[in-house]
Amino acid sequence: MESLRVLELYSGIGGMHYALKESGISAQVVAAVDINTTANKIYRHNFPDTPVWNKTIEGIPLDDFNKLSFDMIMMSPPCQPFTRLGLQGDVADPRCKSFLFILDLLPRLCKLPTYILLENVKGFESSSARDYLTKTLSGCGYTYQEIMISPTNVGVPNSRLRYFLVAKMSAENSSIQTSAKGCSFSHVMDSEFPERSSVLRSKCQNTDRPSEDNPNVHVLYKRETQMDSQKKTDQNKNLSVQQIQDYLEPQMNIDMGLYLLKPKTLLRYGSILDIVQPHSRRSVCFTKGYGRYVEGTGSVLQCCMENEISSVFTNLDQLTEEEKLQKMLKLSLRYFTPREVANLMGFPQSFSFPEDISIIQQYRVLGNSLNVVVVSRLLQLMTSEHFGHSEGEEQFSVLENEYLCS
């Protein structure tokens, strides 16, 4: 394969670019486009030879896109119009404007790109934006596949369920017809995942609503039910997933004063913390609010293993605040460092931040990024000669679970 010319839209800190390098595909990013100045600074720091356009996509003339003569588009459009906790404005959300511009622009390009890869949050699959996307791709003659996948499916101990679409220009100028039902997806077959293979597997199970939604569910400690506890136990027994300790920095390199949870945080949020240990094979999704907010933003690490979590939190509500604090301090709970979050998201050791980027800014841009390992495997699949043919189609089957693994 000749070296591909790649256009990276919504480029952020370069997760797609790193995935491209990890995939082994011969390619050159001819332009990276984003309006986030902090992300662009980090991108330039790591890819000084790549042109970074600090522009709104809808402000770029058609001629400028045509001059790039790109073979592939990689993009991760704004997720806010589709997130479960957001307003779900879909195509009416102003932040969707640039994505709609891209879909309008695509058929008018002098040369259609051979490949397209798109990433977004769970929720995009049932949006009008997704329907517009697939209709546009079909009209342009693309074969495409849609996948819901989490890094745990490729052996990484971090849940980050995301929607992906990979598309290739069909030689026969025809497309695979996909179901119009919002929750019907293709996903890679449940098979043994070979190392360095383009084959992905996604085995997701139904998850239950949080226990606080059901007052009849017995809580063991913290706010954890027997079902919650069993799910975590099962995740930690999955030997196909690596342990958290494989992604940690040496403790001697960490300024613990910067990352230990403060007493007031422990007292206020101790009961809702997602606590993992070095030998755990799970952690929850890190968001852009990690380090600033506690609830639902990511896991925290137990550094002192002399005490069981259950022994610390059982009957904690019967103690005074000082007694509660002294018990929780025994666990030495800390935030993951930005480097460790980057490790879990698949960024290579060569990735770094400029010195003037604060820790909070680092967490923020990482939370807005994507998992490099997952995307690299999808790029391999997309550029495989089997993609879109019968052999490739056998790797996919319908995924109908309403609530997917997270």
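Remember, it's a predicted structure, so these values are computed and weren't measured experimentally.

1. Focus on the pairing of strand β1 (residues 4–9)
Move 1: Of all 6 residues in β1, 5 are buried; the element is thus mostly enclosed.
Move 2: Summarising the sheet, β1 and strand β2 (residues 27–33) pair through 6 bridges and their orientation is parallel. Residue pairing for β2: leucine 9 is matched across the bridge by valine 33.
Move 3: Pairing geometry for β1 and strand β4 (residues 72–75), over 4 bridges, is parallel. When the sheet's bridge partners are listed, glutamate 8 is paired in β4 with methionine 74.

2. Details of the packing of aromatic side chains
Move 1: Evaluation of the coordinates by the stated rule reveals 12 aromatic pairs.
Move 2: When the centroid spacing of 4.7 Å and the interplanar angle of 45° are considered together, the rings of phenylalanine 347 and phenylalanine 351 count as tilted.
Move 3: Take phenylalanine 347: its relative accessible area is 3%, and that puts it in the buried class.
Move 4: For the pair phenylalanine 351 and phenylalanine 353, a centre-to-centre distance of 5.0 Å together with 75° between the ring planes defines the contact as edge-to-face.
Move 5: Residue phenylalanine 351 is classed as buried on the basis of its relative accessible area, which comes to 3%.
Move 6: An aromatic cluster is built from Tyr18, Tyr43, Phe47, Phe347, Phe351 and Phe353, whose rings are joined through pairwise contacts.

3. Overview of the nonpolar core
Move 1: In this structure, Met72, Phe313, Phe336, Phe347 and Leu379 are the most contacted members of the largest nonpolar core, which totals 71 residues.
Move 2: The dominant element in this core, judged by the number of residues it contributes, is helix α13 (residues 372–382), at 8 residues.
Move 3: In contact with phenylalanine 347, other than residues within four places in its own chain, are Ile13, Gly14, Gly15, Tyr18, Arg339, Ala342, Leu366, Ser369, Leu370 and Val372.
Move 4: In terms of nonpolar packing, the next biggest core, distinct from the first, is built from 36 residues, Leu7, Ile73, Met75 and Leu161 among them.

What counts as what
In this convention, every chain numbers its residues from 1, walking through the sequence in written order. With the structure being a predicted model, the display of local features is reserved for residues of pLDDT at least 70 and the display and counting of side-chain atom pairs for 80 or more, all residues being used for whole-chain, interface and lining totals. As a rule here, side-chain values cover all heavy atoms of the structure and leave hydrogens and water aside. We call a residue buried when its accessible area falls under 20% of the maximum for its residue type, exposed when it is over 50%, and partly exposed in between, using a 1.4 Å probe and counting protein chains only. Put simply, DSSP H or I for four residues or longer makes a helix, DSSP E for two residues or longer makes a strand, and each gets a number counted from the N terminus. Between any two strands, pairing holds if DSSP finds at least two bridges. Stacked, tilted and edge-to-face pairs are distinguished by plane angle, under 30 degrees for stacked and over 60 for edge-to-face with tilted covering the rest, among Phe, Tyr and Trp rings (Trp via its six-membered ring) whose centres lie within 6.5 Å. Working definition of a nonpolar core: buried Ala, Val, Leu, Ile, Met, Phe, Trp, Tyr and Cys residues. They are joined through side-chain atoms within 4.5 Å. Whether two residues touch is decided by their heavy atoms; if any such pair falls within 4.5 Å, the residues are in contact.

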